[in-house]
Structures are given as structure tokens and as C-alpha cells.
Amino acid sequence: MSFLDRLLRRRAHYRHVFLGTKASGEYVLADLRRFCRAGEPAIVLGKDGQTDVYATGMVAGRQEVFWRIAHHLHLDDAQLLKFKEQIDDDN
């Protein structure tokens, strides 16, 4: 199975889970956005005012997962074709 085929399949599954029932999908995405602190800086300061590297790493990981979900939901066909062209050019 090609990279593009895998990407198309993955996008379809993400859309089915998160957008299949629009109200539920929107609720879950909004909850994940809050939990993952999407759109906020990942830096977490400790009580001493210094960066808490463990908490910052945890938030960064949560954000990465949220943005992966959001990215797959909003991939359009033009982007997928661009990916395919890039892959074909590399081969």
C-alpha cells in the first residue's frame, strides 16, 4: 500500500470518528483542544518561576497529538495530491 493510500485511509477514519456525528465530534474536539492546551504556549513554569521541563514536555506531547488529529481532519484532496507529487519527485 502506498503512502498516499495509507494517508487517504487514515483521513477517512479520522473524519468518520471525529466528524461522523457532527455534534459529538465537535464536542470531543473542543474538549481535546482545551485538555491539550492547543493554541497556547507549551512552556509551563514551576512555582520557582523556572521552566518545568517535564510539564512542558507533557504539554508539548499533548499538543502534538491534538494537531495530528486536527491536521488529518482538515487535509484536502489538493494537499494529498501535492504530497503524492513530492513523493513521486523523490523517487
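Quick note: structure is the one above.
This is a predicted model, so every value here is computed, not measured.

**Student:** Got a minute to help me understand the pattern of salt bridges in this structure?
**Tutor:** Working definition: two side chains of opposite charge can pair if their charged atoms are close together. Applying the stated criterion across every chain yields a total of two salt bridges. Between arginine 34 and aspartate 31 there is a salt bridge; the shortest N-O distance is 4.0 Å. Placement of both arginine 34 and aspartate 31 in helix 2 (residues 22-36) is noted, with a separation of three residues, approximately one turn of the helix. Close ionic contact of arginine 37 with glutamate 40 constitutes a salt bridge, the shortest N to O distance being 3.3 Å. Take arginine 37: its relative accessible area is 27%, and that puts it in the partly exposed class. Residue classification places glutamate 40 among the partly exposed residues on the basis of a relative accessible area of 42%.

**Student:** Teacher, can you tell me more about the environment of cysteine 36 here?
**Tutor:** Note that cysteine 36 resides in helix 2. With relative accessibility at 5%, the residue cysteine 36 sits in the buried group. For cysteine 36, the contacting residues outside a window of four places in its chain are Val59, Arg62, Gln63 and Phe66.

**Student:** Would you take a moment to explain the nonpolar core for this structure?
**Tutor:** Across soluble globular proteins, nonpolar side chains show a tendency to be buried alongside one another. Core analysis: the largest hydrophobic core is formed by five residues, namely Tyr14, Phe18, Leu29, Ile69 and Leu73. Counting only elements with at least two residues in this core, the list comes to helix 1 (3-19) and helix 3 (53-74). Excluding anything up to four places from it in sequence, phenylalanine 18 contacts Gly25, Glu26, Val28, Leu29, Leu32, Ile69 and Leu73.

**Student:** Looking at this structure, how should I read helix 3?
**Tutor:** Spacing of three or four residues puts side chains on the same side of an α-helix, whose turn is 3.6 residues. Spanning 22 residues, helix 3 covers 31 Å between terminal C-alpha atoms, matching the ideal 32 Å at 1.5 Å per step. Taken residue by residue, helix 3 has Ala55, Thr56, Val59, Gln63, Phe66, Ile69, Ala70, His72 and Leu73 as its buried positions. Packed against the buried residues of helix 3 are helix 1 and helix 2. For helix 3, the N-terminal capping position is held by aspartate 52, with its side-chain oxygen 3.1 Å away from the main-chain nitrogen of tyrosine 54.

**Student:** Explain helix 2 here, please?
**Tutor:** Under the 1.5 Å per step criterion, the end-to-end length of helix 2 is 21 Å for 15 residues, consistent within 8% with the ideal 21 Å. Among all positions in helix 2, only Gly25, Leu29 and Cys36 are buried. For helix 2, the angular spread of the buried residues around the axis is 40 degrees, confining them to a single face. Of the exposed residues in helix 2, those oriented more than 90 degrees away from the buried face are Ala23, Tyr27 and Arg34. On its buried face, helix 2 sits against helix 1 and helix 3.

Thresholds applied
- Residues numbered from 1 in each chain as written.
- Predicted model: local features only at pLDDT ≥ 70, side-chain atom pairs only at ≥ 80, totals over all residues.
- Heavy atoms only, no water.
- Salt bridge = Lys/Arg side-chain N within 4 Å of Asp/Glu carboxyl O.
- Helix = DSSP H or I, 4+ residues; strand = E, 2+ residues; numbered from the N terminus.
- Buried < 20%, exposed > 50% of the residue type's maximum accessible area, 1.4 Å probe, protein only.
- Contact = heavy atoms within 4.5 Å.
- Core = buried A, V, L, I, M, F, W, Y, C linked by side-chain atoms within 4.5 Å.
- Expected span 1.5 Å × (residues − 1).
- Polar contact = N/O pair within 3.5 Å; in protein donor to acceptor, adjacent residues only side chain to side chain.
- Arc of directions from axis to C-beta.

Everything listed here is a matter of coordinates, which is why it stays silent on function.
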